[in-house]
Every structure is written in structure tokens, then in C-alpha cells.
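Here are the chains, one letter per residue:
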Amino acid sequence: MEQLTPAKVTPADPPGGTAAEEEKRRGLRKMKTVALSFLLGATVIFLLTSWAEAAGWPAWVGYVRAAAEAGMVGALADWFAVTALFRHPLRIKIPHTAIIPNKKDALGSSLGDFVGSNFLSESVVREKLSRVEVSKRLGGWLSQPRNAERVTSELATVVRAAVKVLRDEDVQAIMEQAVVKRIVDRPWGPPLGKILEGVFADGAHHKLVDLMCDRAYEWVRDNHTTMLRVVSDRAPSWSPKFVDEMLADKVYGEVLSFVWAVKTDVNHPMRLALDKFLGEFAQDLQTDPEVMARAEQVKSQMLGHDEVQKLIGSAWATAKEMLLNAAEDPSSELRRRVRTGLETLGGRLVSDDHIRSKVDTWVEGAAAYLVTHYSKEITTIITDTVERWDAEETSRKIELQVGRDLQFIRINGTVVGALAGLVIYTVAQLLF
């Protein structure tokens, strides 16, 4: 099977686009012209002084000729050195020229190793983060309301995107497995009994008992006719009607007096008996196997009811709608609380040294963990990207970025070469 090779890609253009690139290209051409002018100037001077020296001009002409000759040599040597970085000089494939195109992959690997050793080491990262004071800067930034609002808006965008990406069927399955199944599998008796025991011990149920007593009294008071009919229906057929009515009135009065007493007397025996019953019931839910089994039956019947199943099925849809509405509404309670919480966190990060120290330690630890375990993966991004670049285009891009400054090497080579030649020629004249 034919092996596929990754396609070469062109290095990304720097920010600024074509206009900035064209400006750099004009600057590079200008500096090349200046450097070439120095070489041509040295060449012209060398030719003129050589002619003058042959024509018998004074001895100082030799000094100028030596300087111009050395300047030509320096200019040519530095032109060769600079050009050899990016291409073969005069298109002659001289060994160790066109270094960047030929050594692109090796340079990328070396760059990755350099970044990994000098920038992604644990000691460097910890030292840099300790000087930056991340938590203090973050706290000062978050404590400003407009920044807290900005973060809140970004979080709302993330929530909306995440909620919309999730499929309702997947979330429903997770809820059934993670929530509903746990509720079904766990016995209800003991935890429910524990809760009720605490409620009854604190007397929190007394308001409910008061409500029941109030409703019972109101029902008896408002249903005098019903009470009379019930008593009359159960009276013997041979009993006179007026006797039934007298007996019904008597029963109604006693019942009304009883529910009134229960309603108004918090220490009524009926109330005390109810408290005792509820306390025993809470204990039975935790210890009595029969009561616990009946609680499980009630749980199964309740969870199996159609309405409960519909409620479970619609839970995610309801929660999803609430989340989306809250995330989209800048004045919602959710966003208001998040915004306030961020501002409060920012203020505490600025004023509380203990919290700030903990956050800085956490950030340093997380960064150190990343560079310790994933520095190779990070530097691989550099080496892989450089390997995918086209060699010739990479060379042109790099020359465009740094070539203008490199032309000063040619200019300096001409000047320094000329001075060195002058010094050497002068020393030779003095010695010999």
C-alpha cells in the first residue's frame, strides 16, 4: 500500500496581514540595496586606488587600496554567510548552505527542546507564577462589577452551549441510572424514620397538628346536618324520631366539645397520644421489619404510579428550560447570584492573605503538574508544526522577519573589514 505523507503547509502570516508583510518586504529590499552599495563602493575604491598606485601616486594610496580590498573581502564573506542561511549562494549547492530549508526539522526539534527546558520546567513555572501573584491580580480584576458581569456572561454562554449540545435521551438515561435507581434501590424506612424522629423531637410537627385540629373542628362545626343524619341512620328502626334527634344533638355536642378541646389545649391527651404514636412510628420505621417492608411497598407503588413516572421523565426537560431561561436573562436570580459571588470572591482574594495563599499554591501546583507530565506533548506541537511547513516558504518567511537586521552584518563586515585591512597594511609597512 502506498504510504501517505503529510502535506506541507505554509507558515501562518503574522498579524497585520498583507500590508504589514509588504512593508517588511520593502524594508528588506532597501537594506539589501544599502549593503550592496557598501560592497560596490569598496570595489570602486579598490579599482581606482589600484590604478592610482600603478600610475605612481603617493604612498597613501596603498593604505586606501588595502582598506578597500579588505572591505570587499569582508562584505563578500558576510554576504555569503547571510545568504547561506536561507538559500544556496548563486544557486551553487555548496555544502552547509541553505541551512534553514535543509535543517528546518532539526531546528524545530531544537526549538521545542529549548522551550521545554527553559520555559516549561517546573522551577521556572513556579518562580514565574510566584512573582506574578495570580490570585491578587485575579481578585482585583473580578472585584470590578463590569468584569464580574463579563465572566458571568461567558459562563452563561458556556452553560447554554453545553445544555443545548446534550441530548435529552442521554441525560434522561443518566438520571434514571444515577438518581432514580439509587432512590429505588435504597430502603426508605430507616432514613425516613430518622428524619421524622428529628422532626418530632424538635416539635416541628405541632403546626401541622394544629392545622389538622383546626380543620377537624371547622368540619364538625359546619356539618351539623351530616352528623344528625349519620346518627339517625344508625338508630334502631323502632326508635322514635324525636329520640333520634335528641341523641344526635347530644352526640354532635360531645364531638364538637371534644374537637374544640383538642384544638385549644396543647396538652390534651389526644395530642399527647398522637405525639407518642408518631414517635413510635418513627422508631418502627428504623427497627420494625414489618413496618419497613410496608414502607418499601408504599415506595414501589408510588414510584410505579403513572404521574410519578411522567414527573421523572419531565424532570430534565423542566430543569433544561429553567437553566436556559436563567442563563439568557441578565436579571435572573441565577446570574445575579453568580455575579455577586464572583465580586465577593474577588474582594476576598484581594483582602484575605490566607485564601490568596491557598489559591496561589493551587495554581502553582496545577501548572507544575501540567508542565511535569505534559511538557513533551506541548513541545511536540512546535516540532510537528515546523515539520509540516514547506521548507522554501519557511525560509522566505523567516528572512522576511529577520533579514533586514541581518543586512547590517554585511554593512558591518564591509566597514570592519576595511578597518582591519588598514591596520594590517599599516603594521606591515611599519615592520618591513
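Up top you'll find the structure we're talking about.
None of these values were measured; they are calculated from a predicted model. (Residues numbered from 1 in each chain as written. Predicted model: local features only at pLDDT ≥ 70, side-chain atom pairs only at ≥ 80, totals over all residues. Heavy atoms only, no water.)

Novice: What is the right way to look at the packing of aromatic side chains in this model?
Specialist: Aromatic rings in a pair are described by how distant their centres are and how their planes are angled relative to each other. The full count for this structure, using the stated rule, is 4 aromatic pairs. With 6.0 Å between their ring centres and 65° between their planes, W51 and W57 make a pair best called edge-to-face. A relative accessible area of 43% means that W57 is categorised as partly exposed. Ring centres of Y217 and W260 lie 5.2 Å apart, and the angle between their planes is 55°; on these two criteria the pair is classed as tilted. With Y217 in helix α10 (residues 206-222) and W260 in helix α12 (residues 241-264), this residue pair connects regions lying 43 residues apart in the sequence. (Phe/Tyr/Trp six-rings, centres within 6.5 Å; stacked < 30°, edge-to-face > 60°. Buried < 20%, exposed > 50% of the residue type's maximum accessible area, 1.4 Å probe, protein only. Helix = DSSP H or I, 4+ residues; strand = E, 2+ residues; numbered from the N terminus.)

Novice: How should the packing of helix α4 (residues 104-118) against helix α17 (residues 353-388) be read in this particular structure?
Specialist: Helix-helix packing: each pair is described by the crossing angle between the helix axes and the interaxial distance. α17 packs onto α4 with a crossing angle of 165° between their chain directions and a minimal axis gap of 8 Å. As far as their axial angle goes, α17 and α4 are roughly antiparallel. Between α4 and α17 the crossing geometry is right-handed. Of the residues in α17, those in contact with K104, D105, G108, S109, L111, G112, V115 and G116 of α4 are T379, I382, T383, V386 and E387. Class assignment for the residues of the contact of α4 with α17 results in 4 nonpolar, 6 polar and 3 charged. (Axes fitted to C-alpha atoms, helices over the stretch in contact; angles between N-to-C directions. Parallel < 35°, antiparallel > 145°, perpendicular 65-115°, else oblique. Left-handed = near helix turned anticlockwise from the far one by under 90°. Contact = heavy atoms within 4.5 Å. Nonpolar A, V, L, I, M, F, W, Y, C, P; charged D, E, K, R; others polar.)

Novice: What should I look at first to understand the packing of helix α5 (residues 122-132) against α17 in this one?
Specialist: Viewed as axis vectors pointing N to C, α5 and α17 meet at an angle of 155°, and their least axial separation amounts to 9 Å. Taken together, α5 and α17 sit at an angle that is classed as roughly antiparallel. Considering the relative orientation of α5 and α17, their crossing is right-handed. Where α5 approaches α17, its residues E122, V125, R126, L129 and S130 are matched on the opposing element by V363, E364, G365, A367, A368, V371 and T372. Taken together, the residues of the contact of α5 with α17 sort by class into 6 nonpolar, 3 polar and 3 charged.

Novice: How should I be thinking about the nonpolar core in this particular structure?
Specialist: As a rule of thumb, nonpolar side chains are buried together in soluble globular proteins. Formed by V115, L120, V125, L129, V363, A367 and V371, the largest nonpolar core amounts to 7 residues. Within the residue set of this core, elements represented by two or more residues are α5 and α17. The dominant element in this core, judged by the number of residues it contributes, is α17, at 3 residues. (Core = buried A, V, L, I, M, F, W, Y, C linked by side-chain atoms within 4.5 Å.)

Novice: Mind showing me how you'd approach unusual backbone geometry here?
Specialist: Peptide bonds are trans in most cases, and residues, glycine excluded, mostly fall at negative phi. Although it is not a glycine, A98 sits at a positive phi angle of roughly 50°. Tracing the sequence through the fold places A98 in the loop between α2 (60-86) and α3 (99-102). Although it is not a glycine, E133 sits at a positive phi angle of roughly 55°. Position of E133 among the secondary structure elements: in the loop between α5 and α6 (134-142).

Novice: Just checking my understanding: could you explain the pattern of salt bridges for this structure?
Specialist: Pairing is possible between side chains of opposite charge, provided their charged atoms come close. The full count for this structure, using the stated rule, is 24 salt bridges. With a closest N to O distance of 2.9 Å, E22 and R25 form a salt bridge. Taken together, the positions of E22 and R25, both in helix α1 (residues 17-54) and 3 residues apart, correspond to about one turn of that helix. On the accessibility criterion, E22 (30% relative accessible area) is partly exposed. For R25, a relative accessible area of 30% translates into the label partly exposed. Across the pair E333 and R337 runs a salt bridge, and its minimum N-O distance is 2.7 Å. Separated by 4 residues within a single helix, E333 and R337 lie in helix α16 (residues 333-351), roughly one turn from each other. Under the relative-accessibility criterion, R337 is labelled exposed at 56%. Counted as one network, the salt bridges with shared partners bring together E21, E22, R25, R29 and K397. (Salt bridge = Lys/Arg side-chain N within 4 Å of Asp/Glu carboxyl O.)

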